[in-house]
Amino acid sequence: MKKQVVLYKKLSPPLMARLHEQAQVTLIESLDAQGLDTLREALPRAHGLLGASLKLDAELLDLAPDLEAIASVSVGVDNYDIDYLTERRILLTNTPDVLTETTADTGFALILATARRVVELANMVRAGQWQRNIGPAHFGSDVHGKTLGIIGMGRIGEALAQRGHFGFGMPVIYHSHSPKPAVEQRFNAQYRSLPELLQQADFICLTLPLTAETEGLIGTEELALMRPESIFINISRGKVVDEAALIQALRAGQIRAAGLDVFEHEPLNPDSPLLQLNNVVATPHIGSATHETREAMARCAVDNLLAALAGERPANLVNVLAWKV
Ligand code: NAP
């Protein structure tokens, strides 16, 4: 008998066909109230789940007594209670690597957009306000040669360092749990404590996961260590930053600008004070959002799920303790 899979993300026709070959599939088209009802109805018979952007808490998962695996179409796994999943021996998989370069591209897009005021000035042109040569009031700041500070030197941090070092001649400093000698050698990067990095970097980029340890990592005190010419970039998760403190720092001119792909609450409320600030570039969580990368992530998730349901160890197992040896 085929295993039952609940999809809460639409897949491309070739991936759908692959999944249908091996499993009985229920597709939840949208995670609105009706979609969540359908999910609740499907969970009691589900062996596998595949999707993203849904907090799958114990209340939901208790409805799925036969659940064997969840394939998340994301690298971040902050939407899951890993201890709960491990206790129930439900395998959780993610999609690392395939999104690394694209997410680093997004980080660099935000670096360039904030430093060169791309959105603000493009909007000025669109509004018919470009009536004479622009002057210092509209100048931006250089990116090349400036110090790139990376907090969380993992896969995406490293891809950002590569762009900064080779592409823009930027000195790279970083903070992570532990020093990374290979990264230091490749990009001439230097390890810093968090306060040192915040004081010394021109661009401060967050590329670490949201965990109990990193939630609220950047707050009033940390923002106070940055300089008025510092630019803050967040492509990790919104809750790593105290958003109210960031708004306060931007309003007070404590830092020059912020490029934000992620927010405390998503989608960002259109009334958010962040959107009143010309020195904020806000994007709708597009880190990995290209056609090519989203397809590669979905393929990776399908591979992981089918392996898990076939009793094989999936390539991207997050909770290794749930694996039965
Ligand atoms: P990764 O390879 O696991 O790298 C994360 C790095 O963060 C690790 O190197 C780790 O350092 C460091 N770290 C963790 N906790 C830390 C702490 N408390 N202090 C300092 N450093 C800490 O993960 P990745 O693939 O680069 O992805 C990173 C995160 O980016 C994901 O978890 C996700 O939340 C986010 N992301 C966002 C988007 C988007 O759409 N905006 C897309 C993809 C990913 P050590 O190695 O020293 O332990």
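The model shown is predicted, which means the values in this text are computed figures rather than measured ones.

K.L.:
Looking at this structure, I do not really get the overall build of the chain. What am I missing?
P.N.:
When helices and strands are counted, the chain shows 12 helices and 12 strands. Over its C-alpha atoms the chain spans a radius of gyration of 22 Å, differing by no more than 12% from the 20 Å that the globule rule assigns to 325 residues. Expressed along its principal axes, the backbone C-alpha trace of the chain runs to roughly 70 × 50 × 35 Å. Put simply, the chain has 325 residues, and 49% of those count as buried. Working note: accessible area of the chain is about 16,100 Å², and carbon and sulfur atoms make up 52% of it.

K.L.:
For this particular structure, what's the right way to read unusual backbone geometry?
P.N.:
Leave glycine aside and you will find that most residues have negative phi; peptide bonds, for their part, are mostly trans. Each neighbour pair has its own omega, and for E266 with P267 the value is -5°, a cis peptide bond. Within the secondary structure, P267 is located in the loop between β11 (257-260) and β12 (280-282). Look at D97: it is not a glycine, yet its phi comes out positive at around 70°. By the secondary structure assignment, D97 is in the loop between β5 (91-93) and α5 (100-115).

K.L.:
Before we go on, may I ask you to explain the sheet that holds strand β4 (residues 69-72) in this structure?
P.N.:
By definition, the strands of a sheet pair up through backbone hydrogen bonds, in either a parallel or an antiparallel sense. Pairing is parallel across the open sheet formed by 5 strands, whose spatial order is β2-β1-β3-β4-β5. Looking at which strands have only one partner, the edges of the open sheet turn out to be β2 (23-27) and β5. When strand polarity is set aside, the average angle formed by the axes of neighbouring strands in this sheet is 15°. Bridge count between strand β3 (residues 48-51) and β4: 4 bridges; the pairing is parallel. Bridge assignment links L49 to a residue of β4, and that residue is I70.

K.L.:
What should I look at first to understand the packing of aromatic side chains in this one?
P.N.:
Within a pair of aromatic rings, the relevant descriptors are the distance that separates the centres and the angle that separates the planes. Inspection of every chain in the model, using the stated rule, returns 3 aromatic pairs. Note on F108 and F168: the rings are 4.8 Å apart at their centroids and 25° apart in plane angle, and the pair reads as stacked. Taken together, the positions of F108 in helix α5 and F168 in helix α7 (residues 155-168) put the pair 60 residues apart, joining distant regions of the chain. Classification of F108 by relative accessible area gives buried; the value is 5%. Exposure remark for F168: the relative accessible area of 27% places this residue in the partly exposed category. Ring geometry for F166 and F187: centres 5.9 Å apart, planes at 75°, overall edge-to-face. One end of the pair, F166, is in helix α7; the other, F187, is in helix α8 (residues 181-187), and 21 residues separate them in sequence.

K.L.:
Hey, could you run me through the nonpolar core in this one?
P.N.:
Within soluble globular proteins, side chains that are nonpolar generally end up buried alongside one another. Among the nonpolar cores identified, the biggest contains 52 residues, and L11, L19, L50, I111, L148, I150 and F203 are the most heavily contacted of them. Looking at this core, the element that brings in the most residues is helix α12 (residues 291-309), giving 8 residues. Each residue touching L148, except ones within four places of it in the same chain, is listed here: I111, L160, A161, G164, M170, P171, V172, I173, F203 and C205. In this structure, L208, A249, L250 and V280 belong to the second largest nonpolar core, which totals 28 residues.

K.L.:
Explain the site of the ligand to me, please; I cannot follow it from the model alone.
P.N.:
As a structural note, the neighbourhood of the ligand is formed by 26 residues, with R155, I156, H177, K180 and D261 the closest of them. Side-chain polar atom of K180 to an oxygen atom of the ligand: 2.6 Å apart, as the coordinates give it. Here G287 contributes a backbone N or O atom positioned 3.2 Å from an oxygen atom of the ligand. In the complex, the protein chains occlude 86% of the 930 Å² of accessible area that the ligand would expose alone. Its residues assigned to classes, the shell around the ligand shows 7 nonpolar, 14 polar and 5 charged.

K.L.:
How should a nonpolar patch on the surface be read in this particular structure?
P.N.:
Taken together, V125, W130, I134 and F139 make up a surface patch of nonpolar side chains, about 420 Å² in accessible area. Taking relative accessible area as the criterion, I134 reaches 39% and is therefore assigned partly exposed.

K.L.:
Which parts of the structure should I look at to understand the packing of α5 against α7?
P.N.:
Angle between the axes and distance between the axes: these two values describe a pair of packed helices. At a minimum axis distance of 8 Å, the contact between α5 and α7 shows a crossing angle of 55°. As far as their axial angle goes, α7 and α5 are oblique. The chirality of how α5 crosses α7 is right-handed. In this structure, α5 uses T100, E101, T103, A104, D105, G107, F108 and L112 to contact α7, whose residues at the interface are R155, I156, A159, L160, Q162, R163, G164 and F168. Tallied by class, residues from the contact of α5 with α7 come to 7 nonpolar, 5 polar and 4 charged.

K.L.:
Honestly, the pattern of salt bridges in this entry has me stumped. Any pointers?
P.N.:
Any two side chains of opposite charge can pair, given that their charged atoms come close. Applying the stated criterion across every chain yields a total of 11 salt bridges. A salt bridge links R163 to E101; the shortest N-O distance between them is 2.8 Å. A residue pair is termed long-range when its members are at least 10 positions apart, and R163 in helix α7 and E101 in helix α5 qualify at 62 residues. When its relative accessible area of 17% is taken as the criterion, R163 is described as buried. For R117, the salt bridge is made with E120, and the minimal N-O distance between the two is 2.9 Å. Given a relative accessible area of 21%, E120 falls into the partly exposed group. A single salt-bridge network, built from bridges that share partners, covers E101, D105 and R163.

Criteria and cut-off values
Residues numbered from 1 in each chain as written. Predicted model: local features only at pLDDT ≥ 70, side-chain atom pairs only at ≥ 80, totals over all residues. Heavy atoms only, no water. Helix = DSSP H or I, 4+ residues; strand = E, 2+ residues; numbered from the N terminus. Rg over C-alpha atoms; globule rule 2.2 N^0.38 Å. Buried < 20%, exposed > 50% of the residue type's maximum accessible area, 1.4 Å probe, protein only. Areas by Shrake-Rupley, 256 points an atom, 1.4 Å probe, with all protein chains shown as cover. Pairing = 2+ DSSP bridges. Axes fitted to C-alpha atoms, helices over the stretch in contact; angles between N-to-C directions. Phe/Tyr/Trp six-rings, centres within 6.5 Å; stacked < 30°, edge-to-face > 60°. Core = buried A, V, L, I, M, F, W, Y, C linked by side-chain atoms within 4.5 Å. Contact = heavy atoms within 4.5 Å. Near = heavy atom within 4 Å. Polar contact = N/O pair within 3.5 Å; in protein donor to acceptor, adjacent residues only side chain to side chain. Nonpolar A, V, L, I, M, F, W, Y, C, P; charged D, E, K, R; others polar. Patch = residues over 30% accessible without salt bridge, like charges linked within 9 Å, V, L, I, M, F, W, Y side chains within 5 Å. Salt bridge = Lys/Arg side-chain N within 4 Å of Asp/Glu carboxyl O. Parallel < 35°, antiparallel > 145°, perpendicular 65-115°, else oblique. Left-handed = near helix turned anticlockwise from the far one by under 90°.

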